[in-house]
Amino acid sequence: MLFFSVFLLSLNIYNIFYPKDYRNDPHLINGYLSKENRNEILKYKDAIKKFDKLYSIHGESLKFLNEATKVYFISKIPTEYSWKEKYTKVKFQENWVLYFFRKFEETLINNNQKSKYNGAYIYYQSSDYKFALKRGISICSQDAVSFANLLKRRYNIDYNIVGLDGHVVMQAKVNNKYYLSDPNMGLTFNFNIDEYYNNDENYLKIKDAYTGIGRPDLINSFDEPGNRKFKYTGPASKENTYNPDTITIFSNYVKWLIPTFLFIIGFYLSYKKRKK
């Protein structure tokens, strides 16, 4: 018991200092850099320094949002290369509590049973920007949630997550006005989602921006019926608000509490044994 508790605590501590970072995966990185003619992916610590420097220069402003969105974009590996099961599924090292939920999901799916978690721990998206950005892998919803979390926690900038048809973006509240940001594509706009509709000028801005980066397919996502805007509401069961799910939140406490409790019990039993 004592050994097992020390092992789990050591694993938690190790993950703080040496988190999983797929920027270090040579097969993934070399393939991406060679195909996209990129020289590097910005490391987590370098990205954070750039975010903080930009905020110190521009403060809470549209200029900061625009530049920060670009920094986030170059700090992760694009979806088509990185969003694969071998990278997305929760590893034991990352969070051993969620790891067991993942194994439970995989068991259900392998036995042709439906999981109520809908693959959430196999294709795992974290609302914690530190966890997400350190991993360096990307999909639109993960990027929108992670970038929004970063803005809120580091700079106290409020946000909405905007669920489009086939794409997810966010909008940040800068000086009491919301502005659209797409960290997955590195784009920022000087209007919010409500100001986009029925506005020809803003439509052209969206069209030109996404056409300019070779993704005109995303333009129609803005116009589909059923697009949704979520405020930060915290964890909610059975409802996708693009916020942390309850299991994720509790797992961050449980992964420390259980081994600590086991350590205390193990140490006490070992002490009693030595006293006899």
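Our structure is the block above this text.
Below is a summary of the structure that appears in this document. (Residues numbered from 1 in each chain as written. Predicted model: local features only at pLDDT ≥ 70, side-chain atom pairs only at ≥ 80, totals over all residues. Heavy atoms only, no water.)

Here we look at the overall build of the chain
Counting its secondary structure elements, the chain contains 12 helices and five strands. Expressed as a percentage of the 276 residues in the chain, the buried residues total 47%. Put simply, of all contacts in the chain between residues at least 6 apart along the chain, 58% involve residues at least 24 apart. Taken as a whole, the chain presents about 15,200 Å² of accessible surface, with 55% of it coming from carbon and sulfur. (Helix = DSSP H or I, 4+ residues; strand = E, 2+ residues; numbered from the N terminus. Buried < 20%, exposed > 50% of the residue type's maximum accessible area, 1.4 Å probe, protein only. Contact = heavy atoms within 4.5 Å. Areas by Shrake-Rupley, 256 points an atom, 1.4 Å probe, with all protein chains shown as cover.)

Points about the packing of helix α3 (residues 44-58) against helix α4 (residues 62-73)
One way to put it is that α3 packs onto α4 with a least axis distance of 9 Å and a crossing angle of 170°. One finds that α3 runs roughly antiparallel with respect to α4. Listed contacts from α4 to Ala47, Lys50, Phe51, Leu54, Tyr55 and His58 of α3 are Lys63, Phe64, Glu67, Ala68, Val71 and Tyr72. The residue makeup of the contact of α3 with α4, split by class, is eight nonpolar, one polar and three charged. (Axes fitted to C-alpha atoms, helices over the stretch in contact; angles between N-to-C directions. Parallel < 35°, antiparallel > 145°, perpendicular 65-115°, else oblique. Nonpolar A, V, L, I, M, F, W, Y, C, P; charged D, E, K, R; others polar.)

Concerning the pattern of salt bridges
A complete count under the given rule lists 13 salt bridges for this structure. Between Glu106 and Arg102 there is a salt bridge; the shortest N-O distance is 3.1 Å. Note that Glu106 and Arg102 are positioned in helix α7 (residues 96-110) at a spacing of four residues, about one turn of the helix. Glu106 gets classed as buried once you look at its relative accessible area, which sits at 12%. We classify Arg102 as buried; its relative accessible area is 6%. (Salt bridge = Lys/Arg side-chain N within 4 Å of Asp/Glu carboxyl O.)

Focus on the packing of aromatic side chains
Taken as a whole, this structure holds 22 aromatic pairs when the rule is applied. Residues Tyr55 and Phe64 carry aromatic rings whose centres are separated by 5.2 Å and whose planes lie at 80° to one another, so their mutual orientation is edge-to-face. In this structure Tyr55 comes out as partly exposed when scored by relative accessible area, which is 26%. Each ring, one from Tyr196 and one from Phe222, has its centre 5.5 Å from the other, and the planes form 55°; the classification is tilted. (Phe/Tyr/Trp six-rings, centres within 6.5 Å; stacked < 30°, edge-to-face > 60°.)

Describing unusual backbone geometry
One non-glycine residue with positive phi stands out, namely Asn112, at about 60°. Looking at the element boundaries, Asn112 is found in the loop between α7 and α8 (129-135). In this structure, Asn156 is a non-glycine residue whose phi angle is positive, near 55°. With a relative accessible area of 54%, Asn156 lands in the exposed category.

Observations concerning the nonpolar core
Judged by nonpolar contacts, the single largest core of 29 residues is most densely connected at Phe51, Phe147, Leu150, Leu151 and Met170. Those elements that place two or more of their residues in this core are α3, α4, α8, α9 (140-155), β1 (159-163) and β2 (168-174). The contact partners of Leu150, leaving out residues within four places of it in the chain, are Ile48, Phe51, Tyr129, Leu133 and Tyr155. Counting residues in hydrophobic clusters, the runner-up holds 16 residues, among them Val169, Phe189, Ile206 and Ile219. (Core = buried A, V, L, I, M, F, W, Y, C linked by side-chain atoms within 4.5 Å.)

Topic: the side chain of Ser126
Structurally, Ser126 is set in the loop between α7 and α8. Overall, Ser126 belongs to the buried group, its relative accessible area being 4%. Within the structure, the side chain of Ser126 is placed 3.1 Å from the backbone nitrogen of Asp128, a separation counted as a polar contact. Residues within four places of Ser126 in sequence aside, it is in contact with Phe131, Ala132, Gln142 and Val145. (Polar contact = N/O pair within 3.5 Å; in protein donor to acceptor, adjacent residues only side chain to side chain.)

What to know about α3
Taking 1.5 Å per residue as the helical rise, α3 with its 15 residues ought to reach 21 Å, and the 21 Å between its terminal C-alpha atoms agrees with that figure. Within α3, burial applies to Tyr44, Ala47, Ile48, Phe51 and Leu54. Projection of α3 onto a plane perpendicular to its axis shows the buried side chains occupying an angular sector of 125°, all on one side. Seen from the buried face of α3, the exposed residues on the opposite side, beyond 90 degrees, are Lys45, Lys49, Lys53, Ser56 and Ile57. Each element contacted by the buried residues of α3 is listed here: α4, α8 and α9. Positive phi shows up at Gly59, right after α3, with a value of about 65°. (Expected span 1.5 Å × (residues − 1). Arc of directions from axis to C-beta.)

Side note on α4
Between its terminal C-alpha atoms α4 stretches 17 Å, which fits the 16 Å expected from 12 residues at 1.5 Å a residue. Taken together, the buried positions of α4 are occupied by Phe64, Leu65, Ala68, Thr69, Val71 and Tyr72. Down the axis, α4 shows its buried residues gathered within 160° of arc, on one side only. Close packing links the buried residues of α4 with α3, α8, α9, β2, β3 (177-182) and β4 (187-188).

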